[in-house]
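Listed here are the chains, written in short residue letters.
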Amino acid sequence: HTETQAQTENWDKLLNSPVPKIIYASRTHSQLSQVIRELKRTSYRPKVAVIGSREQLCINPQVSRETNNSVKMHRCRAKVLSRTCHFYNNYDKSKDKSAQAVASMSLIESTIMDIEDIAAVGAKNRVCPYYFARDLVNSADIIFMPYNYLLDPKSRKSNNVPLNDTVVIFDEAHNVERLCEESVSVEFNCSDIKSAKSTMYDVTQKLSEAEVTGTEMINEVTSQDTANDAVSFENLEKVVEDLRMTEEGKSQPGSFIYQLLGEARIDLDRARTLISDLGPVTAYLHNKGQIQSSHALVLDKFLHFFKMVFGDFSKEREFFTVSETVSHNYRVFTHIETVTKGGGVATTALKSVGYWCFNPGYSMQDLVRNGAQSIVLTSGTLSPMQPIASELDLPFPVTLENPHVISSKQFLVAGLANGP
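What you see is a predicted model; the values in this text were computed from it and never measured. Within every chain, residues take consecutive numbers counted from 1 along the sequence as written. Reporting in this predicted model follows two pLDDT cut-offs: at least 70 for local features of residues, and 80 or more for side-chain atom pairs to be given and counted; totals over whole chains, interfaces and linings ignore these cut-offs and use all residues. Computation of side-chain values: all heavy atoms of the structure, hydrogens and water removed.

**Notes on the overall build of the protein**
Helix and strand counts for the protein come out as 20 helices and nine strands. A burial count over the protein gives 46% of its 420 residues as buried. Should any heavy atoms of two residues lie within 4.5 Å, those residues are considered in contact. Here the contacts in the protein between residues at least 6 apart in sequence split such that 75% fall between residues at least 24 apart. Looking at the protein as shown, the accessible area adds up to about 23200 Å², and 52% of this sits on carbon and sulfur atoms. Only DSSP runs of H or I reaching four residues or more are called helices, and only runs of E reaching two or more are called strands; each is numbered from the N terminus. Only protein chains enter the accessibility calculation, which uses a 1.4 Å probe; a residue whose area is less than 20% of its type maximum is buried, one above 50% is exposed, and one in between is partly exposed. Working definition of accessibility: Shrake-Rupley area with a 1.4 Å probe, residue cover restricted to the visible protein chains.

**A look at the pairing of strand β4 (residues 167–170)**
Burial along β4 is two-sided: Val167 and Ile169 and Val168 and Phe170, pointing in opposite directions, are all buried. DSSP bridges decide pairing: two strands pair if at least two such bridges lie between them. The pairing of strand β1 (residues 22–26) with β4 spans four bridges and is classified as parallel. Bridged to Ile22 within β4 is Val167. Strand direction decides the pairing type here: β4 and strand β9 (residues 374–377), joined by four bridges, are parallel. Residue pairing for β9: Ile169 is matched across the bridge by Val376.

**Some thoughts on a nonpolar patch on the surface**
The patches described consist of residues with a relative accessible area above 30% and no salt bridge, like charges being joined within 9 Å and nonpolar side chains (Val, Leu, Ile, Met, Phe, Trp, Tyr) within 5 Å. One speaks of a salt bridge when a side-chain nitrogen belonging to Lys or Arg is within 4 Å of a carboxyl oxygen belonging to Asp or Glu. Nonpolar side chains collect at one region of the surface, where Val405, Ile406, Phe411 and Val413 lie side by side and expose about 460 Å² of accessible area between them. Among the secondary structure elements, Phe411 is positioned in the segment after α20 (385–392).

**Some words on the layout of surface pockets**
Counted as a void, the second largest pocket has a volume near 730 Å³. Around the second largest pocket, the lining comprises 29 residues; the ones closest to its centre are Leu377, Leu382, Met385, Thr399 and Leu400. Elements represented by at least two residues in the lining of the second largest pocket include exactly β9 and α20. Cavity means a closed set of points on a 1 Å grid over the protein atoms alone, one where a 1.4 Å probe fits but cannot get out, pocket means an open set with protein on both sides within 12 Å along at least 5 of 7 lines, and lining means a residue has an atom within 4 Å of a point. Grid points are joined across faces, edges and corners, and a volume is the space filled by probe spheres set on the points.

**Brief notes about the confidence of the model for the protein**
Keep in mind that low pLDDT regions are not for reading the predicted coordinates in detail. Averaged over the protein, the pLDDT score is 84; the fraction of residues at 70 or greater is 85%. The least confident element of the protein, judged by mean pLDDT, is helix α18 (residues 316–327) at 58; the most confident is helix α14 (residues 223–242) at 95. In the predicted structure, residues 313–317 sits below a pLDDT of 50 and forms seven contacts with residues beyond four places in sequence or in another chain. Every residue is assigned a pLDDT by the predictor, reflecting its confidence on a scale from 0 to 100.

**Description of the packing of helix α13 (residues 190–213) against α14**
To obtain an axis, a line is fitted to C-alpha atoms, over the contacting stretch when the element is a helix, and the angle between two such axes runs from 0 to 180 degrees between their N-to-C directions. Across the interface, α13 lies against α14 with an axial gap of 8 Å and an inter-helix angle of 160°. Between α13 and α14, the crossing angle belongs to the class labelled roughly antiparallel. Crossing hand, α13 versus α14: left-handed. Residue-level contacts link Cys190, Ile193, Lys194, Ala196, Lys197, Met200, Tyr201, Val203, Thr204, Leu207, Ser208 and Glu211 of α13 to Ser223, Thr226, Ala227, Asp229, Ala230, Val231, Phe233, Glu234, Leu236, Glu237, Val240 and Glu241 of α14. Roughly parallel here means an angle under 35 degrees, roughly antiparallel means over 145, roughly perpendicular means 65 to 115, and every remaining angle is called oblique. Take the far helix as your reference; a near helix turned counterclockwise from it by less than a right angle gives a left-handed crossing, and one turned clockwise gives a right-handed crossing.

**Observations concerning helix α19 (residues 361–369)**
What α19 keeps buried is the set Gly361, Tyr362, Ser363, Met364, Asp366 and Leu367. A positive backbone phi angle near 105° is found at Gly371, which sits one or two residues after α19.

Rendered as structure tokens:
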């Protein structure tokens, strides 16, 4: 009786618990569109959200014509803040039940749509499909997205991807290992550092002039802040230039990155300040035109790098505990990089530093740490499964491996010693 009662209580608990969201990730939007087409053919009608970039969803011609995604992002944000994008303004009026927004909202929420459908409906009703699609995430039963939106912590945070109590499905999962490593790796050379240094000195001069004249430029930082940041990049440039490097390169433990940055006097506190300053500076540069945007892209790289190395730790003790764990998952690779310029004629040798993740399980564990309830990997080429499970550093208590559709009697493996 006790056992039956316990089973009944477990079932009641299960039935009364909230239904988990499903996150379905694949490599490309075209693969996701195929899955959505198959879902349309079923009798199921769940609420669906598709996360895409501004490249797929932005319909503002002044933003969509930009070729670089980072530039698009900052141009879009500037227009949203200044209320100069009427597509976003129409979307924002949805809170006041504007006819345009309501028409889009009703159609998208009641229909299973892929990324192209959402963009088309937004364009027809002149309502921003990018922000509209993001809003659908909160109420969706199934969220479709490419791998990088899920595996890259920065993208996951910016798109408000929920992980707590979710079921995460990776389709075509034989690509996951490589993308797990790439999403949390970065590389830069001395030219990048020099560009960042020069940009920060230029911004410092402009801020100083603006402060004298009382002109509003970047509210979040002062000329003294950016001057200190420029000195940090100058110190880093000297340290990297002084490193002995060869074209073959040298691999060192991940913890070496803290030694290198320490010699440049970039510790946790300095890195926090750099992260705080670089955000508004890059946003300002992206909005000043194409030339300034190219400089901002370099600062974006270092902003990503400092966040990756130092994280968002509020206490010194937490940082050193985590940094010790992180360093085991990374290698620092220093080498001389040959950069070709001038139509493939002139070459320049630059010292380069790579901070590379060599443990795909590091990204996967991050999904678990953020509350993912279940992780499902599917692919036609996962066998043998045990090495992949080991690489991803996750237990997979449930596995299904089907036999190959071709019998072993139907094919021949042989080596040809001589060709025709």
